[in-house]
Amino acid sequence: MSRGDRLPLSPSVDAILSIDAVPPPTTLLRTPAFCDMVVGYHRLRLLHDGAQTFPAMLEAIAHARSTICLETYILRDDHVGQTFAYALAERARAGVEVNLLYDAWGSSVSGDYVASLEEAGVRVVAFRPVRMALQNRKLLRHVVRRNHRKSLIVDSHIAFTGGINICGDYAPKDITSAPPWRDTHLALEGPAALELQYFFLRTWTKAKGPAIDEPRYSVSGRRADPRVRVITSDMHRGRASIRDAYRAAIKSAKRRIWITNAYFLPSLGLLHALNDAAKRGVDVRLMVAGTTDVPAVLHASRSIYGRLLESGARLYEWTGRVLHAKTAVVDGHWSTVGSSNLDMQSLRQNLEANAIIEDERFALAMEAMFLSDLPHCHEVTRTSWGKRPPWERAASWAAYLFRDWL
């Protein structure tokens, strides 16, 4: 099939999941993308939660003809992990080169799960297994630096990045389960997919993955698109690229800075930039996780609320289900969707990937998503923050001391 004859991404979910006549453990819900538009040389789809993201990823996998590169921080042997395993195995048996890279620290998979994938022809690599740390003289750095990216690249042309891992947290198995986590992902078709693929393959090689069949990985159509870019923190270079992109956007902001970030413990440089923006009259709004899977981060984050509130920033804590999204929109023009939290681990240690989009229509969709999330939050005001109980003040102070490790 030629690139121009590529199938549209619209088969039924049931057809996708009926692999090798073996029924998958579950079906995943489909809802329309939050927005779907062409920006520059790219088609972009902004995806809200697992209900939109998982079916879109499975569509792309089902249509793969040459290569699939999937990396995730969390891979679990649950109903979602099994569903993706069926999809990947089917394509591997069809002759597609399927590469799966998962972080050994964040993931929880059985030996049988991995063996069944490998038996089908899927090439599976665990990033920095903890057991290997004992053989490494730089033990601490080996353990601390994790692959926190969530990327899927299909046929060098269709790619996904954002905050969603391959696990059931985003797709409850039944109504008795905890509600799905709130997260945001981005599907992009165009030359930026090659950038995600490039960094995936660099990491794959560093992780000692099997040699790739290079002719399969097309670089045709590679051209810069200033309106849609992918930036990453890599193994050795570019580790500050995401932090620098945020800082530049914040420092140049004139009207609005709306950030949604699950684990909000920014560097002092970013914190100063946000305070300065609020003081010069920019509408700074920060949505953070009031319901979280890492309470220590929430307590540490609360320790910096005072300075932000005093400068004029507005703070919203998400309540109800867990918030895990990592997005921002600045001045109705600059937007980012990715895997990077605004904490020390993401900004200094982890491997991350973010898409940067400079387009007014896409920014408008990002602002609409932010506003649609606001009813799920409660605003933290200077008055309410000042009335927090002594135990909470102590917990915030103690947690902040360990901010570099959260």
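Residues numbered from 1 in each chain as written. Predicted model: local features only at pLDDT ≥ 70, side-chain atom pairs only at ≥ 80, totals over all residues. Heavy atoms only, no water.

(A) The arrangement of the overall build of the protein in detail. For the protein, the count of helices and strands is 15 helices and 16 strands. Within the span of the protein, comprising 406 residues, buried residues form 58% of the whole. Here the contacts in the protein between residues at least 6 apart in sequence split such that 79% fall between residues at least 24 apart. Counting only carbon and sulfur atoms, one obtains 55% of the accessible surface of the protein, whose full area is about 16700 Å². (Helix = DSSP H or I, 4+ residues; strand = E, 2+ residues; numbered from the N terminus. Buried < 20%, exposed > 50% of the residue type's maximum accessible area, 1.4 Å probe, protein only. Contact = heavy atoms within 4.5 Å. Areas by Shrake-Rupley, 256 points an atom, 1.4 Å probe, with all protein chains shown as cover.)

(B) Inspection of unusual backbone geometry at higher detail. Positioned with a positive phi, Asp49 is a non-glycine residue whose angle comes to about 70 degrees. Looking at where Asp49 falls in the secondary structure, it is placed in helix α2 (residues 49–62). According to the relative accessible area criterion, Asp49 is buried, its value standing at 8%. You will see that Asp331, though not glycine, has its phi angle at about 55 degrees, which is positive. Assignment of secondary structure puts Asp331 in the loop between β13 (326–330) and β14 (334–338). Residue class for Asp331 comes out buried when judged on its relative accessible area of 14%.

(C) Highlighting the confidence of the model for the protein. Of all residues in the protein, 83% have pLDDT values of 70 or greater, and the mean over the chain is 86. Here residues 1–27 is modelled with pLDDT under 50, and outside its nearest four sequence neighbours on either side it reaches 58 contacts, counting other chains as well. (pLDDT = per-residue confidence, 0-100.)

(D) Inspection of the pattern of salt bridges at higher detail. Enumeration according to the criterion identifies 19 salt bridges in this entry. Where Arg182 meets Asp373, a salt bridge forms, and the shortest distance between an N and an O atom there is 3.1 Å. Separated by 191 residues along the polypeptide, Arg182 in the loop between β7 (158–162) and β8 (184–189) and Asp373 in helix α13 (residues 360–373) bring together distant segments of the chain. Its relative accessible area of 4% is what places Asp373 among the buried residues. Residue Asp359 is joined to Arg227 by a salt bridge in which the shortest nitrogen-to-oxygen separation is 2.3 Å. Placement of the pair is Asp359 in the loop between β15 (352–358) and α13 and Arg227 in the loop between α7 (192–206) and β9 (228–233), with a sequence separation of 132 residues. Each of Asp36, Arg43, Arg45 and Glu189 takes part in salt bridges that share partners, so that together they form one network. (Salt bridge = Lys/Arg side-chain N within 4 Å of Asp/Glu carboxyl O.)

(E) Just the side chain of Thr67, in detail. Tracing the backbone through its elements, the reader meets Thr67 in strand β3 (residues 67–72). Apart from residues lying up to four places away in sequence, Thr67 is in contact with Val96, Glu97, Ile153, Val154, Asp155, Ser156, Gln197, Arg216 and Tyr217.

(F) Inspection of the side chain of Lys326 at higher detail. The residue Lys326 is located in strand β13 in this model. Salt bridges are absent for the buried Lys326, whose nearest opposite-charge side chain, Asp183, sits at 5.5 Å. Side chain to side chain, Lys326 and Asn341 meet in a polar contact 2.6 Å long. If sequence neighbours within four positions are ignored, Lys326 has contacts with His148, Gly163, Thr260, Asn261, Ala262, Tyr263, Thr336, Val337, Gly338, Ser339, Ser340 and Asn341. (Lys, Arg positive; Asp, Glu negative; His and termini not counted. Polar contact = N/O pair within 3.5 Å; in protein donor to acceptor, adjacent residues only side chain to side chain.)

(G) Region of the structure containing the packing of aromatic side chains. Per the counting criterion, the structure on display carries 7 aromatic pairs. Seen in terms of ring centroids, Phe54 and Phe84 are 5.6 Å apart; in terms of plane orientation they differ by 75 degrees. Their pairing is edge-to-face. In this pair, Phe54 sits in helix α2 while Phe84 sits in helix α3 (residues 79–93), placing the two residues 30 residues apart along the sequence. Residue Phe54 is classed as buried on the basis of its relative accessible area of 0%. Judged by its relative accessible area of 1%, Phe84 falls in the buried class. With a centroid separation of 6.0 Å and 70 degrees between ring planes, the pair formed by Tyr246 and Trp334 is classed as edge-to-face. Of this pair, Tyr246 sits in helix α8 (residues 241–252) while Trp334 sits in strand β14; the two residues are 88 residues apart in sequence, bridging distant segments of the chain. For Tyr246, a relative accessible area of 2% translates into the label buried. With relative accessibility at 10%, the residue Trp334 sits in the buried group. The ring of Trp258 has Arg256 sitting right over it, with the charged end atom 5.9 Å from the ring centre. (Phe/Tyr/Trp six-rings, centres within 6.5 Å; stacked < 30°, edge-to-face > 60°. Lys NZ or Arg CZ within 6 Å of the ring centre and 35° of its normal.)

(H) Molecular detail of the sheet that holds β9. If you trace the 8 strands from one edge of the open sheet to the other, you get β9-β15-β14-β13-β10-β11-β12-β16, paired in mixed fashion. Two strands in the sheet have a free side with no partner beyond their single neighbour: β9 and β16 (377–380). Across the sheet, the mean angle separating the axes of adjacent strands is 15 degrees when strand polarity is ignored. Sheet topology places strand β12 (residues 314–318) next to β16; 4 bridges connect them, and they run antiparallel. (Pairing = 2+ DSSP bridges. Axes fitted to C-alpha atoms, helices over the stretch in contact; angles between N-to-C directions.)

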